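Observations on chain architecture
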Amino acid sequence: MPGSCHDVTCLRQSSLWKRMHSQQQHLLFDRGQYLLGDSGYTSGERLVAAFRNAGGDKDKTDFNTCIAHVRIANEHCIGILKSRWHSLKEVRTQLKNRAENQYLVRWVRCCILLHNFLNRRRDDWTEADGPIKVEVESEVQIPVPPTPPLDERAMIARGRRRRLEVQSEYLAYMRNGNGH
């Protein structure tokens, strides 16, 4: 997808979305697991989004703050990755076709894999220390099962219920003295 596409559009066009709404979603998520999204997303059974308008509701505001903390942690992870792999700071590849997209995905995956490998070895090597050669195996294609047509209204209703369940679990956790 081109960089001008909204994150929601990209997600809905992805194989992840198709798998999340297939009969085999249990292969992606264990019981109680879900993705977190900002308020641009619509909550679903496996995607819990922040409230678009907390409207002064303290519980909604607290829940949105929790999601914001997770997003900040994610941004920090990206920053750490870019600090080790300087080539990620200046990605100038235009995604004009599927091949260029796959190239960029493999590039980022290689950086992530090497980063994790070096962290496990407690090695402080950085890209500035010089090039290394990496051979990447071809990607394994996971078949995506056919998905039944989605009932958008039912999906939104289930998503709202799921978000309220997660919000309730979070607030109970925080009220039991587990928060900061």
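Residues numbered from 1 in each chain as written. Predicted model: local features only at pLDDT ≥ 70, side-chain atom pairs only at ≥ 80, totals over all residues. Heavy atoms only, no water.

- Naming follows an unreviewed UniProt entry, where the protein chain appears as DDE Tnp4 domain-containing protein of Riccia fluitans.
- You can read under Cofactor (unreviewed entry) in the UniProt record for the protein chain the words "a divalent metal cation". (UniProt positions renumbered as here; feature names shortened; annotations may be inferred.)

1. Points about the overall build of the protein chain
- Counting secondary structure elements, the protein chain contains five helices and two strands.
- Out of the 180 residues belonging to the protein chain, those deemed buried represent 25%.
- The contacts in the protein chain between residues at least 6 apart in sequence include a share of 56% that link residues at least 24 apart.
- As displayed, the protein chain offers around 13300 Å² of accessible surface, 51% of which is attributable to carbon and sulfur atoms. (Helix = DSSP H or I, 4+ residues; strand = E, 2+ residues; numbered from the N terminus. Buried < 20%, exposed > 50% of the residue type's maximum accessible area, 1.4 Å probe, protein only. Contact = heavy atoms within 4.5 Å. Areas by Shrake-Rupley, 256 points an atom, 1.4 Å probe, with all protein chains shown as cover.)

2. Concerning the pattern of salt bridges
- Counted by the stated rule, this structure contains five salt bridges.
- Ionic pairing is found between Asp-38 and Arg-71, a salt bridge with its closest N-O pair at 3.3 Å. On the criterion of sequence distance, the pair formed by Asp-38 in the loop between strand E1 (35-37) and strand E2 (47-49) and Arg-71 in helix H3 (residues 58-84) is long-range, its members being 33 residues apart. (Salt bridge = Lys/Arg side-chain N within 4 Å of Asp/Glu carboxyl O.)

3. A short note on the side chain of Ser-22
- Mapped onto the secondary structure, Ser-22 falls in the loop between helix H2 (15-20) and E1.
- Here Ser-22 falls in the buried class, since its relative accessible area comes to 5%.
- In terms of polar contacts, Ser-22 uses its side chain to reach the backbone carbonyl oxygen of Arg-19, at 3.0 Å. (Polar contact = N/O pair within 3.5 Å; in protein donor to acceptor, adjacent residues only side chain to side chain.)

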